[in-house]
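As a plain string of letters, each chain reads:
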Amino acid sequence: TSPSPFLDPGTHSAPNSLGILQLRRDHLIPTVLSSSTDSDYVEGKVENTRFGSFPHSTLIGQPWGTQILASVVDTGSRGSKSKKRKRGDTEGDSPSTPGTHETKRDIAKAAIASSGFVHLVPPTPETWTLCLPHRTQVVYTPDYSYILQRLRVRPGDHIIEAGAGSGSFTHAAVRAVFNGYLGEDGMFDSPKNSDRDGTNHILKKKRSRCGRVYSYEFHAPRAKQLRAEIEEHGLSSLVRVINRDVYEDGFCLDSEAGIDSAPDADVIFLDLPAPWLALKHLTRSRPSTAVVKSITTYSNPSTPSAEGSESSPQALPTEKLFRSPLNPNNAVRICTFSPCIEQVTKTVSALRSLGWLEIGMAEILSKRLEVRRERIGLQEEGLRGANASAATVSEAVQRLRDVEGRAKVFHGLQKEKQEEIMRRAETQKRGEKIEPFKEENKGKGKLYKEGRLVHRTEPELKTHTSYLVFAILPRQWTKEDEEKARKKWG
Ligand code: SAM
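Presented here is a report on the structure given in the accompanying data block.

Conventions used here
Residues numbered from 1 in each chain as written. Predicted model: local features only at pLDDT ≥ 70, side-chain atom pairs only at ≥ 80, totals over all residues. Heavy atoms only, no water. Helix = DSSP H or I, 4+ residues; strand = E, 2+ residues; numbered from the N terminus. Contact = heavy atoms within 4.5 Å. 1 Å grid on protein atoms, 1.4 Å probe; cavity = no way out; pocket = protein on both sides within 12 Å on 5 of 7 lines; lining within 4 Å. Points joined across faces, edges and corners; volume = space filled by probe spheres on them. Nonpolar A, V, L, I, M, F, W, Y, C, P; charged D, E, K, R; others polar. Near = heavy atom within 4 Å. Polar contact = N/O pair within 3.5 Å; in protein donor to acceptor, adjacent residues only side chain to side chain. Areas by Shrake-Rupley, 256 points an atom, 1.4 Å probe, with all protein chains shown as cover. Sits in = over half its atoms within 2 Å of the grid points. Pairing = 2+ DSSP bridges. Axes fitted to C-alpha atoms, helices over the stretch in contact; angles between N-to-C directions. Salt bridge = Lys/Arg side-chain N within 4 Å of Asp/Glu carboxyl O. Buried < 20%, exposed > 50% of the residue type's maximum accessible area, 1.4 Å probe, protein only.

**A closer look at the environment of alanine 350**
Here's step 1: Its location among the elements puts alanine 350 in helix 9 (residues 341-353).
Here's step 2: Taking the C-alpha atoms as reference points, alanine 350 and tryptophan 276, 74 residues apart in sequence, are found 5.8 Å from one another.
Here's step 3: Discounting chain neighbours no more than four positions away, the residues touching alanine 350 are Trp276, Leu279 and Ile295.

**Some words on the layout of surface pockets**
Here's step 1: Computed from the structure, the largest pocket encloses a volume of approximately 1300 Å³.
Here's step 2: Taken together, 46 residues line the largest pocket, and the ones lying closest to its centre are Gln137, Val138, Val139, Tyr140 and Phe337.
Here's step 3: Looking at the lining of the largest pocket, the elements that each hand over two or more residues are helix 3 (141-150), helix 4 (168-177), strand 10 (212-217) and helix 6 (246-249).
Here's step 4: It is helix 3 that provides the largest number of residues to the lining of the largest pocket, a total of three residues.
Here's step 5: Counted by class, the lining of the largest pocket contains 19 nonpolar, 15 polar and twelve charged residues.

**Concerning the site of the ligand**
Here's step 1: Neighbouring the ligand are 22 residues, the closest being Glu217, Arg222, Asp245, Val246 and Asp271.
Here's step 2: Valine 139 places a polar main-chain atom, nitrogen or oxygen, 3.1 Å from an oxygen atom of the ligand.
Here's step 3: Interatomic distance of 2.8 Å between a side-chain N/O atom of arginine 222 and an oxygen atom of the ligand.
Here's step 4: Protein burial of the ligand: of its 610 Å² of free accessible surface, 90% is covered by the chains.
Here's step 5: The pocket occupied by the ligand, as judged from atoms lying within 2 Å of grid points, is the largest pocket.
Here's step 6: A breakdown of the residues in the shell around the ligand according to their chemical character gives nine nonpolar, eight polar and five charged.

**Digging into the sheet that holds strand 5 (residues 67-69)**
Here's step 1: Ordered in space as 2-1-6-5, the four strands form an open sheet in which the pairing is antiparallel. Looking at strand neighbours, the two that pair on one side only are strand 2 (27-32) and strand 5, the edges of this open sheet. Taken over all neighbouring pairs, the strand axes of this sheet differ in orientation by 35° on average, direction set aside.

**Remarks on the sheet that holds strand 14 (residues 357-363)**
Here's step 1: Spatial strand order, 11-10-7-12-13-17-14: seven strands in an open sheet with mixed pairing. Each edge of the open sheet is held by one strand with a lone partner, namely strand 11 (239-243) and strand 14. Along the sheet, successive strands turn relative to each other by an average axial angle of 15°, direction set aside.
Here's step 2: Here strand 14 runs beside strand 17 (residues 467-473); their pairing, made up of five bridges, is antiparallel. Within strand 17, the residue paired with methionine 361 across the bridge is valine 469.
Here's step 3: Each of strand 7 (158-162), strand 10, strand 11 and strand 12 (267-270) is contacted by helix 4, which is oriented at about 160° to strand 10, the strand it contacts most.

**Quick look at the pattern of salt bridges**
Here's step 1: For the coordinates displayed, the defined rule picks out eight salt bridges.
Here's step 2: Among the ionic pairs, arginine 175 bridges to glutamate 126, the shortest N-O distance being 2.7 Å. Separated by 49 residues along the polypeptide, arginine 175 in helix 4 and glutamate 126 in helix 2 (residues 125-131) bring together distant segments of the chain.
Here's step 3: Take arginine 175: its relative accessible area is 37%, and that puts it in the partly exposed class.
Here's step 4: Glutamate 126 sits in the partly exposed class, given a relative accessible area of 27%.
Here's step 5: Residue arginine 486 is joined to glutamate 482 by a salt bridge in which the shortest nitrogen-to-oxygen separation is 3.4 Å.

**Describing the pairing of strand 17**
A regular strand places its side chains so that they alternate between the two faces of the sheet.
Here's step 1: The element strand 17 is largely enclosed, with a buried count of seven among its seven residues.
Here's step 2: The alternating pattern of strand 17 places Tyr467, Val469, Ala471 and Leu473 on one face and Leu468, Phe470 and Ile472 on the opposite face, and all of these are buried.
Here's step 3: Two strands pair when backbone bridges link them, and strand 13 (residues 332-338) and strand 17 are joined in this way by seven bridges, in the antiparallel orientation. Along strand 17, the bridge assignment pairs cysteine 335 with phenylalanine 470.

Take a look at the structure:
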């Protein structure tokens, strides 16, 4: 029931919560921010990157998006807790810890020089996809954003996902279905009813259903690691990770206290090597033996629709009693993700035999556009449109002067910011409250001139990711439904 930074990161970074250090556009480092001083560094936990060292004390309590400057950290006693110094010990030339002969000079030598900056950004499915520990191939943002939109995933939906792999799709899916937490008291706690500080001002509303993700993974260590990440990200009340071979054992669960035994799914996403082998379990009623056999051997079954028509108790021998994992009250939407067209044809064939409709395929070919402002010199501004490229020597000199001037302003601001960060770290260590950063650069002049807006496209498409097959299974229609409809519509 704990809130997750993926669903509501708040405005500032917080201790014991995930933060992402963005070094470059596609280079991000995830880290759980720690205020603990139990570390080999005087500064507490430190993130060392190629752009310098970042003590967590400089990362906690910052507005998301802040540029953080690298710090000089004290590594004099790194690796040896017995030699650990307190910050005050670094003053003066006397040995800082009894039994050691380290002087201020030694410490200065051992310190890593700060060399750059990072941006501190909140965890989102998009940033997590770029930095998660890869165990498998993952579904990337251009694909999952299209998939979730095309599947019309809404808050409150239940999603079945198999295989879970590295959990990239899982994080995007849980954000899409999130409509609140179902607390231990069975009460529904929606963020819409709460202030940023978590105070719920409206009486908690009871709802029958809270959005959930059922994530199936065959490989036990992968399932275990994903479960641990989901727990660490505060998502375990919304995501259930199940270690299971879905080809064999399907999607229904053992009944557990408070957890539905059938996922009651509205949406299915299969990222499996052979999705057609899982489809026999994703029906409303038991499929016939003939259909199951034809799917398993990928032959094209002669019967186009087999929903229950030739049903046989031996169709799925591993299940005694047939239970459907699908929501009986909704049309169910499915997407399968396959890298080659042979897999697509087998999937489409199986979908047809099991009564799925509106079957279609899409291929995502995403292309990056780099949009930026082209910096132009003072003289050039006047020439805009007429002959902007005709730069003279004096224009070039002027431009160099401009750049030099801007660099001076930039470095001045950087220095001020570094000092401010150190002051804030000290304040926080004393247990005092830190005020949010003041708006920067106000009244200090613009760092960059505005220029023409230009864009560049990537010359080639870098990858073909996959083919996406979509289909819909109409809602269950019983005799009673038919009666009701007849009475209503005549
Ligand atoms: N969609 C995932 C993501 O975004 O991180 C990546 C999925 S990965 C490509 C495919 C996963 O399917 C693998 O982790 C594999 O172990 C799992 N898998 C393969 N066969 C399976 C089966 N029969 N049941 C459950 N999972 C299976």
